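# Summary of the model geometry
The chain contents come next:
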Amino acid sequence: MTAAGRPDQPFRLMLGRRIPMRDGVEPWADIDLPPAAPDGAQRYPALLLRTIYHSKDPRYVGRAAGFVRAGYAVVLQDCRGRHDSDGRWDSYACEIADGHDTHDWIGAQSWCDGRIGTFGVSYPGFTQTCAAPDGSPHLAALVPIASQQDNCGHHRCDGLLAWATSVFFANMLGRTMQGEALARLDRHAIERHLPLYDTWDAIGDCPYFRVVVGHEAYDAFWSSHSLRHRYGAVDVPAYFMTGWYDSLLAETLRVFRGWRLSARAPAARRLSRIVLGPWSHQVAPWGRPQPGFLFPADGRFDDAEFGAAAAMDIVAEHLRWYDARLKDRPGGIGDQPPLRLFVMGENTWRGEHEWPLARTVWTEMFLRAGGILAPDPAAEAEVPDRYRYDPADPCPTWGGSYQMKDLGGPRDRRAIVARPDMLSFVSAPLAGDVEVTGPVTATLWAASSATDTDFTVALVDVHPDGRAILLTDGICRARFRDAAAGWRPADLHAGRSPYERLYEEPDFRPRLLTPGQPVELQVDMWATSNLFRKGHRIRIEVSSRSFPRYDRNLNTGGRVGFESAFQVAEQTLFHDRARPSRVTLPVIPR
């Protein structure tokens, strides 16, 4: 069907095309082709989206029109078992072979010139990267937005259950999204249901949810579709995109590093790029075309202002990459430094060449008595701070790298810091600008009345007008503390985050606490880029929960996800000379 002459439809459509897989399953796809050229040429580079969320999502259909106008064929495919596509969806694991087979089929079509690019956000980001190792010779350029190395790092963050993310996956009950139906349920009750394992059993069959809750360790289920051991088979360059408030920020940085350092083809290592903006998983240039999701042109996001420079034309940015990789046009994104990051506070973009930045000065700031954050540790004994963590009244998620739109982003923390289950430590007003760009970590000396519990740490920029904007935060579960034993911030330059052992040692054994006994805990606070302006103050917040971003620790030491009883934990935070609790900031000299 030809729709030439319509400004919104400059393409030819082929709807509901079946694409054969090696096992006989035939997922469906819609194919959009540009109008035939005057000279009769009808072969184009092709761009592919593979999604579980619906190939007719308006944001992807709209972007497809922009790509077609630029001279690309576009294929929008529903993954197997989703929507109109045949077969049974085997979450994540089925995407490796299906991706290969789809690439080979497209590359052999009469309308394709043999070169393929891919695009998509979140799960559609993963469908791109997982099929790249030992992939089709037709695959030439990826744009994975908010993607992950493996889902153990996505759903089981350093041993904890990313609860809101896992609950969201119940939207995939059956073959279609269930968002409208599930919106009628009591979300508050669902999030607080115990035990976690059977949360959805009375509502519908969600086997993937039960698997996520049941597999605490990095085992064969997670490794079967992980990129962790497959970077050495990658031959195609990728342009990664994520945001400082994206729930997949940490995972996207891991995949980018794997691509840049370990890809098999030198061109894949040399040409791969990443952009990191002041965006979240939902509110971003790639957001849905509806109010509140597309990043605003003026750069206003929740309680922060990032300026017009923070906005991005997402179609044009894709085309800069595709034109260079698929049409051999010079002057594309490959001529820029491999990292392009947005420095919040200064609200400017900057190019960089490695992650973490080689010139990073790892700078410790110490939590001190009286709620002080100081550059020096205590010279003598200090009275520790105490608070009570009650799983029945957990400190709520407010800002940060949260999966959904409602609770994440750059939020003002003035109200939440007044809770009795939160400690705060604030610096003196800064005498000059201080840039913090890179991974942030904390070391806590703590004790608990429980045999297992959690501690959270947040980094906040306190403005002279009183606004306290969350930049980044993290959490640790005490039973996994041995995985981070001996780790130091400098290890980040070698790509080792504090809890890497959890993914390297399948037989790692957690160790419960001895109530009342102080222990040293490492907290991975993910990453940020922010210029703390002169007169601003740096604040560190310590608590034991960010709910529902993470599951509640019930403080019993039982099997996570399968227990219903809970108890209150009395928490103690030490900051004396022998037990210096501190945060390590990646300060960038200016």
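Residues numbered from 1 in each chain as written. Predicted model: local features only at pLDDT ≥ 70, side-chain atom pairs only at ≥ 80, totals over all residues. Heavy atoms only, no water.

### Some thoughts on the overall build of the protein chain
- Each helix and strand in the protein chain was counted, giving 13 helices and 25 strands.
- Over its C-alpha trace the protein chain gives a radius of gyration of 24 Å, about what one expects of a compact globule, namely 25 Å for 590 residues.
- Principal-axis analysis of the C-alpha atoms gives the protein chain an extent of 85 × 55 × 40 Å.
- The buried share of the protein chain, taken over its 590 residues, is 61%. (Helix = DSSP H or I, 4+ residues; strand = E, 2+ residues; numbered from the N terminus. Rg over C-alpha atoms; globule rule 2.2 N^0.38 Å. Buried < 20%, exposed > 50% of the residue type's maximum accessible area, 1.4 Å probe, protein only.)

### Observations regarding the confidence of the model for the protein chain
- Scored by pLDDT, the protein chain has a mean of 93; 97% of the residues are at 70 or more.
- Low pLDDT (under 50) marks residues 1-5, which in the prediction has nine contacts with non-local residues, meaning those over four places away or in another chain. (pLDDT = per-residue confidence, 0-100. Contact = heavy atoms within 4.5 Å.)

### Some thoughts on the pattern of salt bridges
- If you walk through the whole model with that rule in mind, you get 50 salt bridges.
- Between Asp86 and Arg18 there is a salt bridge; the shortest N-O distance is 2.9 Å. Of this pair, Asp86 sits in the loop between strand E4 (73-78) and helix H2 (95-107) while Arg18 sits in strand E1 (residues 12-18), and the two are 68 residues apart along the sequence.
- For Asp86, a relative accessible area of 27% translates into the label partly exposed.
- The class for Arg18 is partly exposed, based on a relative accessible area of 40%.
- Of the charged contacts, one joins Asp576 and Arg579 as a salt bridge, the two residues approaching to 2.8 Å between their closest N and O atoms.
- Judged by relative accessible area, Arg579 falls into the partly exposed class, the value being 26%.
- Members of the salt-bridge network, linked through shared partners, are Glu346, Arg350, Glu352, Arg359, Glu435 and Arg590. (Salt bridge = Lys/Arg side-chain N within 4 Å of Asp/Glu carboxyl O.)

### A word on the packing of helix H1 (residues 58-69) against helix H12 (residues 314-326)
- Between H1 and H12, whose axes approach to 10 Å, the crossing angle comes to 45 degrees. Relative to H12, the element H1 lies oblique. For the pair H1 and H12, the sense of crossing is right-handed. Residues Arg63, Gly66 and Phe67 of H1 touch H12, and the partners they reach there are Ile314, Val315, His318, Leu319 and Tyr322.
- For the contact of H1 with H12, a count of residues per class yields five nonpolar, two polar and one charged. (Axes fitted to C-alpha atoms, helices over the stretch in contact; angles between N-to-C directions. Parallel < 35°, antiparallel > 145°, perpendicular 65-115°, else oblique. Left-handed = near helix turned anticlockwise from the far one by under 90°. Nonpolar A, V, L, I, M, F, W, Y, C, P; charged D, E, K, R; others polar.)

### Some remarks on H12
- Over its 13 residues, H12 extends 18 Å from the first C-alpha to the last, a length consistent with the 18 Å expected when each residue adds 1.5 Å.
- Judged by how many residues are buried, H12 sits mostly within the fold: eleven of 13 residues are covered.
- Taken together, the buried positions of H12 are occupied by Ile314, Val315, Glu317, His318, Leu319, Trp321, Tyr322, Asp323, Ala324, Arg325 and Leu326.
- Taken from the residues just after H12, Asp328 is the one with a positive phi, measuring 60 degrees. (Expected span 1.5 Å × (residues − 1).)

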